[in-house]
There are 2 protein chains.
Amino acid sequence: MTEMLAPGSTLGILGGGQLGRMLAMAAARLGLHVHVYEPGDACAAEVARDWTRARFDDREALARFAAACDVVTYEWENVPVEAVDVVAAAAPVRPGRRALEVAQDRLAEKEFLGGLGLATAPYARVDGDEDLAPALVVTGERGILKTRRFGYDGKGQARFTSMAEAAPALAALEGAPAIAEGFVDFEREISVIAARGLDGEVAAFDPGENVHRDGILHTTTVPARIPARLAQDAVLIAGRILGALDYVGVIGVEMFVTDQGLVVNEIAPRVHNSGHWTIDGCLIDQFEQHVRAVCGWRLGDGRRHSDAVMTNLIGDEVFEAAAIEGAALHLYGKAQARPGRKMGHVTRIMPLAGG
Amino acid sequence: MTEMLAPGSTLGILGGGQLGRMLAMAAARLGLHVHVYEPGDACAAEVARDWTRARFDDREALARFAAACDVVTYEWENVPVEAVDVVAAAAPVRPGRRALEVAQDRLAEKEFLGGLGLATAPYARVDGDEDLAPALVVTGERGILKTRRFGYDGKGQARFTSMAEAAPALAALEGAPAIAEGFVDFEREISVIAARGLDGEVAAFDPGENVHRDGILHTTTVPARIPARLAQDAVLIAGRILGALDYVGVIGVEMFVTDQGLVVNEIAPRVHNSGHWTIDGCLIDQFEQHVRAVCGWRLGDGRRHSDAVMTNLIGDEVFEAAAIEGAALHLYGKAQARPGRKMGHVTRIMPLAGG
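Residues numbered from 1 in each chain as written. Chains lettered and ligands numbered in written order. Predicted model: local features only at pLDDT ≥ 70, side-chain atom pairs only at ≥ 80, totals over all residues. Heavy atoms only, no water.

### Details of the overall build of chain A
A tally of regular secondary structure across chain A gives 11 helices and 17 strands. Computed over its C-alpha atoms, the radius of gyration of chain A comes to 20 Å, within 12% of the 20 Å expected for a compact globule of 355 residues. Residues counted as buried form 61% of the 355 residues belonging to chain A. Sequence separation of 24 or more characterises 60% of the internal contacts of chain A that already satisfy a separation of 6 or more. Of the roughly 14,000 Å² that chain A leaves accessible, carbon and sulfur atoms contribute 50%. Here chain A holds 35 positive side-chain charges and 48 negative ones, and the gap between their average locations is 2 Å. (Helix = DSSP H or I, 4+ residues; strand = E, 2+ residues; numbered from the N terminus. Rg over C-alpha atoms; globule rule 2.2 N^0.38 Å. Buried < 20%, exposed > 50% of the residue type's maximum accessible area, 1.4 Å probe, protein only. Contact = heavy atoms within 4.5 Å. Areas by Shrake-Rupley, 256 points an atom, 1.4 Å probe, with all protein chains shown as cover. Lys, Arg positive; Asp, Glu negative; His and termini not counted. Charge placed at Lys NZ, Arg CZ, Asp CG, Glu CD.)

### Regarding the packing of aromatic side chains
For the coordinates displayed, the defined rule picks out 10 aromatic pairs over all chains. Here the aromatic cluster, defined as three or more aromatic residues joined through ring pairs, consists of A:Tyr37, A:Phe56, A:Phe65 and A:Trp76. (Phe/Tyr/Trp six-rings, centres within 6.5 Å; stacked < 30°, edge-to-face > 60°.)

### Thoughts on the pattern of salt bridges
Residue and element names in this part refer to chain A. With the rule as written, the count across this model stands at 50 salt bridges over all chains. Among the ionic pairs, Glu209 bridges to Arg188, the shortest N-O distance being 2.9 Å. Placement of Glu209 in strand β11 (residues 208-213) and of Arg188 in strand β9 (residues 188-196) is noted, with a sequence separation of 21 residues between them. The class for Glu209 is buried, based on a relative accessible area of 7%. (Salt bridge = Lys/Arg side-chain N within 4 Å of Asp/Glu carboxyl O.)

### Points about the relation of the copies chain A and chain B
For the pair chain A and chain B, the best superposition has an RMSD of 0.0 Å and corresponds to a rotation of 180° with a translation of 0.0 Å parallel to the axis. Here the transformation between the copies is reduced to the relation of a two-fold axis. For chain A, the minimum C-alpha distance to the rotation axis belongs to A:Val47 and amounts to 2.0 Å. Comparing interface residues between copies, 100% of those in chain A also sit at the interface in chain B, which points to an isologous, same-surface contact. (Least-squares fit on C-alpha atoms with pLDDT ≥ 70 in both.)

### Overview of the interface of chain A and chain B
Counting residues at the interface gives 35 residues for chain A and 35 residues for chain B. Between chain A and chain B, roughly 2,900 Å² of surface is buried when both sides are summed, and carbon and sulfur atoms account for 60% of that area. When the buried surface of chain A facing chain B is broken down by residue, A:Arg29, A:Glu46 and A:Leu283 rank first, second and third, together holding 22% of it. Our enumeration of links across chain A and chain B arrives at 0 salt bridges. Taken together, chain A and chain B are joined by 7 residue pairs in polar contact (both at pLDDT 80 or more). Those elements that place two or more of their residues in the side of chain A that touches chain B are α1 (18-29), β2 (33-37), β16 (328-331) and β17 (342-351) of chain A. The residue makeup of the side of chain A that touches chain B, split by class, is 18 nonpolar, 8 polar and 9 charged. (Buried area = accessible area lost by both parts, 1.4 Å probe. Polar contact = N/O pair within 3.5 Å; in protein donor to acceptor, adjacent residues only side chain to side chain. Nonpolar A, V, L, I, M, F, W, Y, C, P; charged D, E, K, R; others polar.)

### Describing the sheet that holds strand β6 (residues 143-147) of chain B
Residue and element names in this part refer to chain B. Overall, antiparallel pairing links the 4 strands, which are arranged β5-β8-β6-β7 in an open sheet. Looking at the sheet topology across the chains shown, the edges are occupied by β5 (123-126) and β7 (157-160). Pairwise comparison of adjacent strand axes, ignoring direction, gives a mean angle of 25° for this sheet. Summarising the sheet, β5 and strand β8 (residues 178-182) pair through 4 bridges and their orientation is antiparallel. Opposite Ala124, over in β8, you have Ala180 as the bridge partner. Lying over the sheet, helix α6 (residues 132-139) contacts β5, β6, β7 and β8, oriented at roughly 170° with respect to β5. Of the strands in this sheet, β5, β6, β7 and β8 touch helix α7 (residues 163-172), which is tilted by about 170° from β7. (Pairing = 2+ DSSP bridges. Axes fitted to C-alpha atoms, helices over the stretch in contact; angles between N-to-C directions.)

### Looking at the confidence of the model for chain A
With 97% of its residues at a pLDDT of 70 or more, chain A shows a mean pLDDT of 94. Interface confidence for the predicted complex, expressed as ipTM, amounts to 0.94; the pTM equals 0.95. (pLDDT = per-residue confidence, 0-100.)

### Quick word on helix α3 (residues 81-88) of chain B
All of the buried residues in α3(B) are B:Val81, B:Ala83, B:Val84, B:Val86 and B:Val87. Considering only its buried residues, α3(B) is in contact with β1 (10-14), α2 (59-67), β4 (71-74) and α4 (97-104) of chain B.

### Observations regarding the pairing of β6(B)
Residues and elements named next belong to chain B. Within β6, 5 of the 5 residues are buried, leaving the element largely enclosed by the surrounding structure. Every second residue of β6 is oriented toward a common face, with Gly143, Leu145 and Thr147 on one face and Ile144 and Lys146 on the other, all of them buried. Note that β6 and β7 share 4 bridges and pair antiparallel. Note on β7: the bridge partner recorded for Ile144 is Arg159. Where β6 lies against β8, 5 bridges are found, and the strand directions are antiparallel. Of the residues in β8, the one forming a bridge with Lys146 is Ile179.

### Quick notes on unusual backbone geometry
Outside of glycine, negative phi angles account for most residues, and trans bonds account for most peptide bonds. The step from A:Arg94 to A:Pro95 runs through a cis peptide bond, and the omega angle for that step is -10°. By the secondary structure assignment, A:Pro95 is in the loop between α3 (81-88) and α4 (97-104). Despite not being glycine, A:Asp214 has its phi angle at roughly 55°, a positive value. The residue A:Asp214 is located in the loop between β11 and β12 (216-222) in this model. The backbone of B:Glu174 shows a phi angle near 55°, a positive value even though the residue is not glycine. On the secondary structure map, B:Glu174 appears in the loop between α7 and β8.

### Some thoughts on the side chain of B:Asp280
Here B:Asp280 lies in helix α9 (residues 278-281). Within the buried core, B:Asp280 has no salt-bridge partner, and the shortest N-O distance to an opposite charge, that of A:Arg29, equals 6.4 Å. Polar side-chain contacts of B:Asp280 include one of 2.8 Å to the side chain of B:His330. The residues contacting B:Asp280, other than those within four sequence positions of it, are A:Leu283, B:His305, B:Ala328, B:His330, B:Thr347 and B:Ile349.

### As for the packing of α3(A) against α4(A)
All names here are of chain A. At a minimum axis distance of 10 Å, the contact between α3 and α4 shows a crossing angle of 175°. In terms of their interaxial angle, α3 and α4 are classed as roughly antiparallel. Listed contacts from α4 to Val81, Val84 and Asp85 of α3 are Arg97, Leu100, Glu101 and Gln104. When the residues that make up the contact of α3 with α4 are grouped by side-chain class, the tally is 3 nonpolar, 1 polar and 3 charged. (Parallel < 35°, antiparallel > 145°, perpendicular 65-115°, else oblique.)

Encoded structure:
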């Protein structure tokens with residue numbers, strides 16, 4: 001059960017974006033071969049041994065890919081579960097189907113978190129106009145409508161501050177099943193990047209504090225400016241989520257810090273943008289931790305050796321980035337710098353403030 | 001003259017071993033494409049976009065490779081200078097021909113170092129038996145015969161402790177042009193990994209202390225146990241060598257610490273095994289520093305954030321390595337673990353002892 005994949009084995013990655021790219025490099029450092037599966041451009045493929053360029057509904061390509069891999073993971077939470085099922089017939093997929101199902105549907109996610117007794121924003125299911133009025137009783141008249149599926153970086157979302165605004169906001173989602181969420185009055189947003197091994201061992205990186213711009217992560221600062229007790233609570237919450245999902249790999253859990261304690265915002269069943277600081281701030285980063293977990297290795301030492309501030313490079317910002325001094329630059333090798341596209345990130349490190 | 005290669009450009013690497021592999025990953029982090037040129041097995045090719053598999057005397061393949069690259073470097077000091085000349089006709093090669101010429105011939109290297117006023121072991125040219133007796137007047141009767149070319153990791157070397165042993169030692173080198181070197185009575189061996197940018201800027205990593213086993217580097221410990229003044233001397237020596245060669249890129253300079261000060265043992269015109277600790281001990285490591293230099297970028301911040309001990313994994317040692325805890329593991333993805341073959345390395349880091 002806890003067999004360890006030997007160096008020289010092949011790790012498959014469903015999805016070929018920057019997360020896959022950094023996973024591929026971490027896997028290479030451990031002497032593993034990498035096979036990327038991605039229908040579109042794949043900046044991960046350039047640092048991987050193999051690339052299957054095929055659609056996620058191409059069952060034959062998926063089966064061939066799975067047969068060529070010793071274990072398969074994903075770097076994108078919207079990989080269709082049907083694709084995962086095809087792959088899982090030939091190779092273990094870690095984390096498994098359940099984590100994907102929960103993370104792909106905002107309603108399922110909220111219900112899962114509520115079932116664990118964890119606080120979330122108030123929410124209500126909105127399948128159509130007739131659900132709006134009762135939903136606003138739950139959320140209050142200020143909130144946000146979100147499609148249940150396929151939202152990321154602020155896409156598929158519309159805010160409302162009154163009943164009058166809620167109907168057009170829902171119309172903007174073009175009939176997609178949605179949920180209404182009430183606003184959470186929070187001091188700050190933090191995230192915990194945690195890993196769970198095949199043997200059930202859990203390890204978490206120190207919580208980071210996130211600042212967004214235009215719905216996209218802008219900076220993560222570590223340590224987060226929160227009391228030690230709250231940091232511990234945050235890690236314990238991540239641990240409960242990992243255990244409940246019988247999860248193997250790295251997960252990102254976003255939380256709001258409020259007067260009433262921690263409120264879970266969202267979970268991402270994969271390595272996470274807010275964990276990129278670990279590349280430069282820790283001996284073992286989130287990418288290697290994930291590879292270790294899914295390959296059945298013992299988790300590595302994820303203590304941070306330095307404080308860190310990670311800043312995303314979005315769109316054109318990448319062109320000035322090469323001249324930034326005194327920081328570690330990470331570019332993702334994407335050919336085109338489109339507005340809102342994550343092109344790279346920059347990390348500054350400082351000696352541990354706490355000693 | 002100091003034009004900076006843009007992300008998205010292509011870096012060519014002559015040689016495809018582990019040094020090329022770690023260079024390729026550093027280049028990928030900076031958004032560069034990598035093209036490896038290597039006739040044999042190439043563990044670097046797996047993390048590079050392109051691989052030209054051709055011999056170093058295949059002028060046509062070399063010219064095609066050069067035409068596909070924006071700048072070319074090497075990861076192996078025994079790349080034939082004739083190959084470099086073919087490449088240099090189409091793309092800048094950094095570091096240049098001169099550094100290769102000096103490093104490929106132990107006699108030229110000693111003469112170069114002596115010309116800079118730097119101390120080396122006593123040495124004498126040995127082209128044949130008739131040179132032995134006069135050589136031993138220079139070196140004393142205890143010393144080592146080394147082929148002038150193509151030696152590495154203790155290969156092409158034979159020790160002698162008397163005139164009677166010197167003749168068979170020379171015979172063991174099978175007529176290759178050689179030099180005799182006297183033994184240096186040293187406290188410890190250190191090395192400086194230093195970089196010089198296209199604009200002449202020089203930056204050095206903190207000197208490491210090296211321990212060899214069976215002629216192969218076993219560990220590098222940073223900081224080296226030497227007084228601050230001596231560490232500064234070591235860095236200045238590296239700086240003089242870089243300047244004299246009008247060098248662009250990272251160089252490794254091995255030195256002996258003796259009662260009479262520092263004696264230069266050997267220079268390697270490339271990233272160096274004794275600099276592998278920088279991956280885990282510094283924000284910017286020797287591989288990225290080399291890529292920055294040869295691409296005309298400003299050098300990065302190479303200060304160490306942690307003390308470090310790097311241990312090489314040789315031959316079969318690699319099979320136990322995956323279970324090592326509390327350390328960073330780096331495997332090179334080589335298919336076969338032959339005795340004496342460098343398969344990977346492990347780095348432990350500790351908080352800076354000096355604060």
